[in-house]
Amino acid sequence: MIKALRIPKQYGTYADICLMLGLAQLSYIAQRQIHDVKTIKLADLGTNYRISLERELNPEEIAFTVHYDNLLLCPVKGDKTEAIAGLNWSDVDFFDTKEKTETRNRYREFQRQSKCEKLELADEDKPPEPDARTQNGVILTSMRHDRNHNALWKAGWDIRQHFGALVASVFKAFADNDELSKGNEIAQAAAYFKAYTGELLPAPASAVKIFFPTFVQGVNRLKADTNKVDGSGHKEDWLLLWLIAAGLFEFGIAERIKVSDNTFDWRMVMMEPKELSFSSYREVLDEVRKFSPPSGAHGVARFDAEMSIGLSQQLLKHHPAKFVNQLPCQRSRSPSIKEMVSGFSGTHFNSKGQVYGVKEVFSLGLPDWIRPETAEDIKNYRKLLDEHLAIVRSLSIDEGNGELLNAYRDFITGNELNQFFRFNISYSDYIVRQLADPKAKYAPRRFSQEGLDIMTRSFDKADQKWSIKDITQNKGFLRIARAINSATVYAGKIKKEGTVVELDWQRTYGLAQRLSNQLGSKQDFITELSAFLTSYDNENMRISEQLLKGDKSLGRVWVTKEDLEEFLVLLDDGQPFKWSLVANLLLAYGYTKWKKPLEGEPEGAPAGDEDNTDEGE
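The notes below deal with the structure included here. (Residues numbered from 1 in each chain as written. Predicted model: local features only at pLDDT ≥ 70, side-chain atom pairs only at ≥ 80, totals over all residues. Heavy atoms only, no water.)

## Notes on the sheet that holds strand S2 (residues 40-44)
Move 1: Strand order in this open sheet of 4 strands is S1-S3-S2-S10, and the pairing throughout is antiparallel. Two strands lie at the open edges of the sheet, namely strand S1 (2-8) and strand S10 (275-277), each paired on one side alone. With direction set aside, neighbouring strand axes in the sheet form an average angle of 20°.
Move 2: Where S2 lies against S10, 3 bridges are found, and the strand directions are antiparallel. Within the sheet, the bridge partner assigned to Lys41 lies in S10 and is Ser277.
Move 3: On top of the sheet, helix H1 (residues 14-35) reaches S1, S2 and strand S3 (48-57); it is set at about 0° to S3, its chief contact. (Pairing = 2+ DSSP bridges. Helix = DSSP H or I, 4+ residues; strand = E, 2+ residues; numbered from the N terminus. Axes fitted to C-alpha atoms, helices over the stretch in contact; angles between N-to-C directions. Contact = heavy atoms within 4.5 Å.)

Given below as structure tokens:
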């Protein structure tokens, strides 16, 4: 009896994930047909993956009960796809990439319509949902690997009468308790298959780059970048390639990526499960691929950033905290979404005219700081990620934002708050430039104060004796951050409700860079900050004198000596945190969107939507 499968990691690329997912699909088919149950759990154990079944399965029962299921793999047809030997397309239930692409494009056009336009449409006029696998079929045809994919399918179709024996053989070879097969699972499965049927498995096939991207290393580049299937390339066992092809086609996330004017590459990504049910894995992927696929039209970094955010948003729907309505008396550190999915592994295929070569094999993470404890936390994190996604989608390589996008990707796919600070310094200057640009259609998107509170506090460690909120709730810290905001963001000419309004004070430029340039020395930072505050205070006094003549008051914060002293205490060497953390947080909060005026601020100070200044993409 078999309760679990063990899949060794052998290739160091997404081929390992695809193989595991191909086996998971076989497990799903076998469980459903024999026991009518569907629960399967996926787990990454470091050197191998484990697939845990809901019910034990008897290989002998599988061999004589399970019948062929075309859901595992189906042939793909594009405009230039060659006919499958011995079959007519009219006799085959194939995946039509042209038709699927048209459906996907119609649905994306529908998504771009306004809410009013969508409401005006009758139900029968609303486009059908796209197939989540659409781009996976398109990349196969684009790279001319559709014939390899179809050849693998055809070989499986030809032995469909032995499908039960094939599944039983695979299960026995990959069984968690099978010592005979360790390290040699595919060959052992072939031996079991021959014992069941007296026949051999289909002949080895070409291990083309879409399945094994690293196999081109050490091979003549001109030969590696061709798509020949004449037997001149690297060969692998049919069963191995068949399982990998099934996992890749069903669960891959493929997209064309703009790298320059009129040049598009391909990027294929697989989500790396850590500990997750098979059904949740599929649901997360389908939600992203159908309804909010990452865009490839604005460069690689934005695609990766959107991918990380999108997967994180969907994983929150499956986080165990969704069942918790209030915090327990004895709190422990909540699990991160990375304990469900560690990240995503992929390959970048660069365009070489008529063919595609392997440019990069990569692996990127998900944000480890997303650790909800309650259902309300999940709601807040999703709102925070919406905010991040809006900022990312407002940036594009076409508008010269490549470095900003690279910096943000480094943060959202990593685990370091310092990566966010590096992005924030550049983004703060970008905010000011955009606000000052009279040709800018919208003011730049900004992080909200509530969002920064949630994100920064998520970096608190379990054994930490202090909290980041000890810094961000300090009165002096808040008032100085508010002063920076009033001097840079809420200053000069701003747009409010579609109208340009000129405030009583001018905008300060380059402050974020000047302060960040002094982060190597605490004394230099204090000197630069003091110079700004002195200039800010002098300007407040000058403008106030002018406004008093018209019986008006200044609508921005004053920073007192006591505020500065309270802030400087945070920079003391005796604090449990580094002074540079305080300085970086000050810059982050200085350019944020504030939710309300601080205590003691004058009447007329901006708050909430007033501080928003007509944000948009």
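## With respect to the packing of helix H13 (residues 375-393) against helix H16 (residues 449-457)
Move 1: Axis separation between H13 and H16 bottoms out at 10 Å; the angle between their running directions is 110°. One way to sum up the angle between H13 and H16 is to call them roughly perpendicular. The interaxial crossing formed by H13 with H16 has left-handed handedness. Between H13 and H16, the contacting residues are Asn380, Tyr381, Leu384, Glu387 and His388 on the first element and Gly451, Ile454 and Met455 on the second.
Move 2: Partitioned by chemical class, the residues of the contact of H13 with H16 number 4 nonpolar, 3 polar and 1 charged. (Parallel < 35°, antiparallel > 145°, perpendicular 65-115°, else oblique. Left-handed = near helix turned anticlockwise from the far one by under 90°. Nonpolar A, V, L, I, M, F, W, Y, C, P; charged D, E, K, R; others polar.)

## Thoughts on helix H20 (residues 522-549)
Move 1: Along its 28 residues, H20 runs 41 Å from first to last C-alpha, staying within 8% of the 40 Å computed at 1.5 Å per residue.
Move 2: Here H20 has its buried residues at Phe525, Ile526, Leu529, Phe532, Leu533, Tyr536, Glu539, Asn540, Ile543, Ser544 and Leu547.
Move 3: As for H20, its buried residues are in contact with helix H18 (475-488), helix H19 (511-516), helix H21 (561-569) and helix H22 (579-590).
Move 4: Immediately beyond the C-terminal end of H20, within one or two residues, lies Asp551, with a positive phi of roughly 60°. (Expected span 1.5 Å × (residues − 1). Buried < 20%, exposed > 50% of the residue type's maximum accessible area, 1.4 Å probe, protein only.)

## Looking at the pattern of salt bridges
Move 1: This model, assessed by the stated rule, comprises 30 salt bridges.
Move 2: Between Arg32 and Asp69 there is a salt bridge whose closest N-O contact spans 2.4 Å. With Arg32 in helix H1 and Asp69 in the loop between helix H2 (59-65) and strand S4 (76-77), this residue pair connects regions lying 37 residues apart in the sequence.
Move 3: Put simply, Asp573 and Lys522 hold a salt bridge, and the shortest N to O gap is 2.8 Å. With a gap of 51 residues between them, Asp573 in the loop between H21 and H22 and Lys522 in helix H20 connect regions that are remote in the sequence.
Move 4: Salt bridges here are not isolated pairs; linked through shared partners, they connect Lys100, Asp131, Arg133, Glu250 and Arg282. (Salt bridge = Lys/Arg side-chain N within 4 Å of Asp/Glu carboxyl O.)

Functional significance is not addressed by these values, which are geometric in nature.
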